[in-house]
Structures are given as C-alpha cells and as structure tokens.
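# Coordinate analysis (summary)
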Amino acid sequence: MVSYKELGLVNTREMFKRAVAGGYAIPAFNFNNLEQLQAIIKASSEKKSPVILQVSKGARKYANPTLLRYMAQGAVEYAKELGCAHPEIVLHLDHGDSFELCKDCIDLGFSSVMIDGSALPYEENIALSKKVVDYAHQYDVTVEAELGVLAGVEDEVASEVSHYTKPEEVIDFSKRTGCDSLAISIGTSHGAYKFKPEQCTRDPKTGRLVPPPLAFNVLAEIEKQLPGFPIVLHGSSSVPQEEVDIINRFGGKLPDAVGIPEEQLRQASKSAVCKINIDSDSRLAFTAGVRQTLAEHPDYFDPRQYCGEARKRMEAMYAHKIVDVLGSDGKLAQL
Ligand code: G3H
Ligand code: 13P
Ligand code: ZN
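A short tour of the structure in this document, coming up. All of these numbers come straight from a predicted model, not from anything done at the bench.

Right, let's talk about the overall build of the chain for a bit. When helices and strands are counted, the chain shows 13 helices and 10 strands. With respect to the principal axes defined by its C-alpha atoms, the chain has extents near 60 × 45 × 35 Å. Per-residue burial over the chain gives 55% buried out of 335 residues. A separation of at least 24 residues holds for 76% of the contacts in the chain among residues at least 6 apart in sequence. Looking at the chain as shown, the accessible area adds up to about 14,300 Å², and 54% of this sits on carbon and sulfur atoms.

Another point: the site of ligand 2. If you check the shell around ligand 2, you find 16 residues, and the closest are Asp 94, Lys 194, Ser 237, Asp 279 and Ser 280. Within the side chain of His 95, a nitrogen or oxygen atom sits 3.2 Å from an oxygen atom of ligand 2. The separation between an oxygen atom of ligand 2 and a polar side-chain atom of Ser 237 is 2.6 Å. Burial of ligand 2 by the protein chains amounts to 96% of its free accessible area of 310 Å². Mapped by element, the contributors of at least two residues to the shell around ligand 2 are strand E3 (89-96) and strand E10 (273-278).

Turning to the pairing of strand E1 (residues 26-30), a few remarks are in order. Here is the key point about a regular strand: its side chains alternate between the two faces of the sheet. Burial analysis of E1 places five of its five residues in the buried class, the great majority of the element. Where burial is concerned, the two faces of E1 agree: the one with Ile 26, Ala 28 and Asn 30 and the one with Pro 27 and Phe 29 are both buried. In this structure, E1 lies alongside E10, joined through four bridges in parallel fashion. Bridge pairing in E10 places Phe 29 opposite Ile 278. With three bridges joining them, E1 and strand E2 (residues 51-56) adopt parallel strand pairing. For Asn 30, the partnering residue across the bridge sits in E2 and is Gln 54. Of the crossover connections in this fold, the one passing from E1 over helix H2 (residues 34-46) to the parallel E2 is right-handed.

Because an α-helix completes one turn every 3.6 residues, residues spaced three or four positions apart along the sequence face the same direction. What helix H8 (residues 170-177) keeps buried is the set Val 170, Phe 173, Ser 174 and Thr 177. Seen along its axis, H8 keeps its buried residues to an arc of 90°; they face one direction. Packing partners of the buried residues in H8 comprise helix H6 (122-137), strand E5 (142-147), strand E6 (181-184) and helix H9 (216-225). Two residues or fewer past H8, Gly 178 is found with a positive phi of approximately 75°.

This part takes up the packing of aromatic side chains. What the rule picks out here adds up to four aromatic pairs. When the centroid spacing of 4.4 Å and the interplanar angle of 50° are considered together, the rings of Phe 29 and Tyr 318 count as tilted. Taken as a pair, Phe 29 in strand E1 and Tyr 318 in helix H13 (residues 303-326) lie far apart in primary sequence, 289 residues in all. For Phe 29, a relative accessible area of 0% translates into the label buried. A ring pair is formed by Tyr 122 and Phe 173, whose centres lie 6.3 Å apart and whose planes are at 45°; its orientation type is tilted. Here the residue Tyr 122 occupies a position in helix H6, and Phe 173 occupies one in helix H8, the gap between them amounting to 51 residues.

What follows is about the site of ligand 1. Close to ligand 1 lie Asn 30, Ser 56, Asp 94, His 95, His 190, Asp 279 and Arg 283, which account for all nearby residues. Contact distances for ligand 1 include 3.1 Å between an oxygen atom and a side-chain N or O atom of Arg 283.

The strand order E1-E2-E3-E4-E5-E6-E9-E10 describes a closed barrel built from eight strands, whose pairing is parallel. Each strand axis lies, on average, 25° off the axis of its neighbour in the sheet, ignoring direction. Both E2 and E3 contribute to a ladder of six bridges, which runs parallel. Bridging from a neighbouring strand, Val 51 pairs with Ile 89 of E3. Along the sheet, H8 makes contact with E5 and E6, crossing E5 at roughly 145°.

Let us now look at the nonpolar core. Counting 86 residues, the largest nonpolar core has Phe 31, Leu 53, Leu 182 and Ile 231 as its most contacted members. For this core, the leading source of residues is H13, giving 10 residues. Non-local contacts of Phe 31, meaning those with residues more than four positions away in its chain, are made with Gln 36, Leu 37, Ile 40, Leu 53, Gln 54, Val 55, Ala 59, Leu 68, Met 71 and Leu 91. With 10 residues, the next largest nonpolar core counts Met 15, Ala 28, Ile 52 and Val 90 among its residues.

Rules behind the numbers
Residues numbered from 1 in each chain as written. Chains lettered and ligands numbered in written order. Predicted model: local features only at pLDDT ≥ 70, side-chain atom pairs only at ≥ 80, totals over all residues. Heavy atoms only, no water. Helix = DSSP H or I, 4+ residues; strand = E, 2+ residues; numbered from the N terminus. Buried < 20%, exposed > 50% of the residue type's maximum accessible area, 1.4 Å probe, protein only. Contact = heavy atoms within 4.5 Å. Areas by Shrake-Rupley, 256 points an atom, 1.4 Å probe, with all protein chains shown as cover. Near = heavy atom within 4 Å. Polar contact = N/O pair within 3.5 Å; in protein donor to acceptor, adjacent residues only side chain to side chain. Pairing = 2+ DSSP bridges. Right-handed = clockwise from strand over helix to strand, strands pointing away. Arc of directions from axis to C-beta. Phe/Tyr/Trp six-rings, centres within 6.5 Å; stacked < 30°, edge-to-face > 60°. Axes fitted to C-alpha atoms, helices over the stretch in contact; angles between N-to-C directions. Core = buried A, V, L, I, M, F, W, Y, C linked by side-chain atoms within 4.5 Å.

Encoded structure:
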C-alpha cells in the first residue's frame with residue numbers, strides 16, 4: 001500500500017471547495033507520456049494553478065501503471081523545482097470501470113478515482129459507486145461518480161437528449177453513494193467529433209460547424225438540487241480549429257472535427273462545475289506540432305526535435321485553458 005500523501009499528492013476535496021466558492025474550475029488533463037506531463041506541470045506551475053493529472057485505463061496499459069505513478073511523484077518534485085513551493089497535484093483515475101481497478105489505483109498511490117457506472121442501471125451504478133467510495137474513504141481518497149450518459153458520436157440526436165443527467169435523481173444518488181463529486185451529462189462528449197454536422201449549423205463566413213449549446217438549464221436544475229456540490233464536466237475539449245487546420249494542411253485528415261466553444265466552458269467554470277476534463281485538445285496540439293515539424297524538416301529524425309515542438313504547443317494550450325477559460329490561475333492555497 002502506497003499512500004498518496006507520502007508522494008506529495010493531494011485529493012480533490014479542498015481544491016473543489018475553493019473552486020465552487022470562487023467560481024472557477026480545476027483543469028483535469030489526461031496524460032500518457034513524458035511530454036504531456038512536462039507540459040502540464042510547466043503550465044500549471046507557472047500559472048500557479050492546482051491541477052488534476054488523469055490516467056485512463058488505456059493510459060495505464062500504454063505507459064505501464066508503475067511508471068505512470070512514479071512520473072506523478074516526479075511531477076510534484078518538478079513543480080517545486082519550477083518555483084511552486086506548495087504544489088497541489090492530484091493523481092486521478094479517469095473512467096474506472098470496476099471496483100478492482102479503482103482499488104488497485106488507490107493501493108498504488110492515486111489520490112482520487114472515478115468510478116464510471118453511468119452505463120449501468122441506476123441501482124447498480126449506486127451499488128458499485130458506493131463500494132468504491134467505502135474503500136477509498138478509508139484512505140482519504142476522493143471519488144468521482146457519474147450519472148447520465150455522455151453522447152457518443154454514433155448516437156441519435158433524440159437519444160442524446162434522453163441521456164442527460166436527470167436532476168431529480170442527483171440528491172438520492174449523491175447521498176446513497178457518498179461520492180465527493182458528480183460527473184454529469186449536459187451535451188458534452190468525448191473525442192474530436194463531438195457533434196455530427198446535422199446537429200450543427202454552419203457559419204456562412206468561415207464554413208465551420210457551429211455546435212448546439214450545452215444544456216445549461218439542466219446544469220442549473222442540478223445546482224438547485226445540490227447547492228455547492230462539486231460537478232464535473234467530461235468531454236470538454238474545444239477542438240481548436242487552428243490545430244485542426246495545421247493537421248489537415250500537413251497530411252492529416254480530420255474533416256469537420258468540432259468541440260465545445262470556449263465561451264460555454266467559461267460560463268460553466270463560473271458555476272458549480274469545478275473540474276473540466278480535457279484530453280483531445282492535447283492530442284490535437286501534439287499531432288499538429290509533430291506533423292508540421294516533420295513536414296517542414298524532412299531531415300529531422302531525433303524525436304526530441306518534433307516532440308519538443310509538440311510539447312511547446314501543448315504547454316501553450318494548457319496555459320491558455322488555465323488562464324483564459326477555467327480561471328484557475330493564481331488559485332494555489334499557498335502561493
Ligand atoms: O475520456 C476518455 C479520455 O479521453 C481517455 O481516453 O481511454 O483513449 O485514454 P483513452
Ligand atoms: P475530451 O475528449 O473532450 O478531451 O474529453 C476528455 C475526458 O472527458 C476525459 O475523461
Ligand atoms: Zn471522460
């Protein structure tokens with residue numbers, strides 16, 4: 001058993017309390033490799049922001065669970081080296097799909113886990129989430145649970161609406177599970193294709209897709225039911241069109257990729273939404289950096305040359321999210 005406290009990590013409890021009260025959101029960035037981790041820690045340390053490092057089941061498989069955990073431990077020391085005497089870094093399991101996976105992460109030093117029972121029938125979601133909470137809380141590890149299903153790109157428009165979180169269920173769900181935060185569905189979805197063209201309109205000037213707005217009425221209703229309770233938004237990449245254009249210009253093919261407009265994420269950050277998940281935007285920045293660098297420098301073959309460029313683009317993106325979208329800059333408890 002490794003305690004996250006020994007690694008210098010923190011759980012989400014205090015940072016969420018401050019974020020909800022302060023009207024901003026904590027960035028939750030997924031990482032799978034060294035360059036992403038370096039860029040996340042550099043941006044969050046320089047901007048003095050608390051940060052959540054998210055590891056998915058797929059990331060654990062790709063990078064090796066032990067290695068990822070030591071990388072997170074190293075991240076705390078790196079943040080100190082960068083001038084953050086008291087960094088607030090959470091190591092979080094993203095989309096845990098079983099009790100065993102959550103337990104394994106808790107036992108290995110994670111400070112927070114998500115149990116995603118959102119695809120299960122309501123009572124089964126409650127039972128599984130509660131089992132994880134009961135275990136996690138023995139070690140002061142915080143737990144995110146999910147209610148409502150995020151739309152997939154394959155779904156019909158009608159079924160997306162019916163998968164929104166039902167505000168009338170949130171009190172019962174949060175009480176009976178004892179979860180520390182709740183991921184909800186209000187129209188965001190995972191990946192770089194969040195909406196089908198037929199769900200969008202087109203900007204006549206640019207020809208770009210304009211997505212439908214998030215269901216802020218559902219969010220407001222949830223907040224009314226659970227005042228001050230920490231709410232999480234998954235699938236919150238904006239899919240910046242500059243990155244998509246670079247990828248397409250240098251040999252990629254991402255037609256009609258579309259994300260959540262930043263203005264709507266800014267609005268959400270001011271509410272009880274206190275954790276915003278971003279993965280796809282990092283993938284896009286990385287890919288744009290690699291594609292452009294290799295296209296412009298066919299002689300390059302040292303990964304540091306093109307991964308270094310990719311890292312720069314990711315760092316700029318993370319800093320932008322922190323300062324211009326989520327508003328978590330300067331929010332460390334001890335600056
Ligand atoms: O929500 C999913 C995250 O973007 C992680 O994706 O399972 O491909 O690592 P992944
Ligand atoms: P994006 O695909 O929008 O980046 O969402 C990431 C996410 O929700 C991770 O859990
Ligand atoms: Zn997610």
